[in-house]
Amino acid sequence: MTQDRALATEAHDALWAVLWSRRYDDVDEPVWQPESAYSGILAFARPLDQANILAAVDTGKGFIVFRVPGPAPPIVSRVRIVTTGNDQWRIAEVQPLGLGIEVRFDDPNAPADNAWIAPLRDGVRRAREQLDARRERIAARRAQLGALNEPPTVEDVWREEIAAISDRVTLATDYTPAEHAALARARNKGPRFADEEEHKIVAARKRRFTERGSEEIARFRESAWPELRDRVAEERRKYEDYRSEVVRLEDTLQRMRAFGERAAKAGVMLDEIERAAFRVRGSAYDPARIEEPAYAEELVRAVELLHAAIPQRAQSGATRFSAYRAPTAGPSVIPPRA
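Conventions we followed
- Residues numbered from 1 in each chain as written.
- Predicted model: local features only at pLDDT ≥ 70, side-chain atom pairs only at ≥ 80, totals over all residues.
- Heavy atoms only, no water.
- Helix = DSSP H or I, 4+ residues; strand = E, 2+ residues; numbered from the N terminus.
- Buried < 20%, exposed > 50% of the residue type's maximum accessible area, 1.4 Å probe, protein only.
- Contact = heavy atoms within 4.5 Å.
- Areas by Shrake-Rupley, 256 points an atom, 1.4 Å probe, with all protein chains shown as cover.
- Salt bridge = Lys/Arg side-chain N within 4 Å of Asp/Glu carboxyl O.
- Pairing = 2+ DSSP bridges.
- Axes fitted to C-alpha atoms, helices over the stretch in contact; angles between N-to-C directions.
- 1 Å grid on protein atoms, 1.4 Å probe; cavity = no way out; pocket = protein on both sides within 12 Å on 5 of 7 lines; lining within 4 Å.
- Points joined across faces, edges and corners; volume = space filled by probe spheres on them.
- Polar contact = N/O pair within 3.5 Å; in protein donor to acceptor, adjacent residues only side chain to side chain.

Draft legend 1. Representation of the overall build of the protein in the model. Counting its secondary structure elements, the protein contains seven helices and seven strands. For the protein, the N- to C-terminal ordering of α and β elements is α-β-β-β-β-β-β-α-α-α-α-α-β-α. When the 338 residues of the protein are sorted by exposure, 35% land in the buried category. The long-range fraction of contacts in the protein, counting pairs at least 24 apart against all pairs at least 6 apart in sequence, stands at 70%. Accessible surface, the protein: about 19700 Å² in total, of which carbon and sulfur atoms supply 51%.

Draft legend 2. Examining the pattern of salt bridges more closely. Tallying each qualifying case throughout the model produces 25 salt bridges. A salt bridge links glutamate 216 to arginine 212; the nearest nitrogen and oxygen atoms lie 3.5 Å apart. Taken together, the positions of glutamate 216 and arginine 212, both in helix 5 (residues 191-222) and four residues apart, correspond to about one turn of that helix. With a relative accessible area of 35%, arginine 212 lands in the partly exposed category. Among the ionic contacts, a cluster of salt bridges with common partners joins Arg121, Asp271 and Glu274.

Draft legend 3. Structural context of the sheet that holds strand 5 (residues 89-95). Read across the sheet, five strands follow the order 3-2-1-4-5 without closing on themselves; strand pairing throughout is antiparallel. Taken across any chain shown, the strands that pair with only one partner, and hence form the sheet edges, are strand 3 (63-69) and strand 5. The average undirected angle you get between the axes of adjacent strands in this sheet is 45°. Bridge count for strand 4 (residues 78-83) against strand 5 is six bridges, and the pairing is antiparallel. In the strand pairing of strand 5, arginine 78 is matched with glutamine 95. Lying on the sheet, helix 1 (residues 5-21) is in contact with strand 1 (37-47), strand 2 (52-58) and strand 3; it crosses strand 1 at an angle near 130°.

Draft legend 4. Looking closely at the layout of surface pockets. Its volume calculated, the second largest pocket comes out at about 320 Å³. Among the elements of the structure, helix 2 (117-145), helix 6 (225-276) and helix 7 (293-308) are those that each provide at least two residues to the lining of the second largest pocket. The element contributing the most residues to the lining of the second largest pocket is helix 6, with six residues.

Draft legend 5. Fine view of the side chain of serine 21. Tracing the backbone through its elements, the reader meets serine 21 in helix 1. Owing to a relative accessible area of 17%, serine 21 belongs among the buried residues under this scheme. Only 3.1 Å separates the side chain of serine 21 from the backbone oxygen of phenylalanine 105, close enough to count as a polar contact. Excluding its chain neighbours within four sequence positions, the residues that come into contact with serine 21 are Phe105 and Pro311.

Below is the structure:
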């Protein structure tokens, strides 16, 4: 990856220190295929030149090294590395660790100071308390809104009114007694004469229905319909406002329930992070901002990423770190088992 022997030696020792802290026996090389992709925790990043970096990703199953274009994301970021050209790779997605927490996997002999965890634990507790208070307020507002049935649309009301007018006009323009008597006499005179007479009577009745219906609809459109239309439209507007607020409140409650579950798990995760004894160089966590929902979300997300960075391989499967510290830029040393 580099022809600079001094850089290669320094990167080799630092990489193997991280390898040891991640409890792996050796690094793996990625298998390049057109659709290859690797996801995991970025555990190591070191510049090789002005344009490229050496990156190592803990996928949970292996410790894989890549040469990728810089700049390097923060250590403990969740990354996804994909192919570009022939045997080339790039970092496609980055979910960085927030709150200015800088984890050091390349210095396992540094003393572990867990003082930085206590403020995070208190922040998670305060975030849960504030979440409970907000959830109660939103639930009260949702209960205040109650349930509202959906009113008909303007188009539905128009169709109902036109159907009612049609029914009334049908009754008002039905066959008259004289027309019924004429139809009966025509049928007694034979089929041909009955068909002609019936056609005339039916056509006359249809004309009455059409003319009367057109008059009734025109009268309704000019008199009663504008007020009715505005009233229906107002009811629809009120319902749409109600529905929008209900949907928003329900979505908020759902997100808050999900965040509450994550915050509850974050407290347990911090206990496991404390036992993992990470070497942390610094933290920019600001307790005064925990009342901001976005900052509380960032706190919980940072705890989740830190927890995901805890080595999952059993300690018994790792070798002694001292066996890796051969000051060479050559091939990796296969040490004896501890």
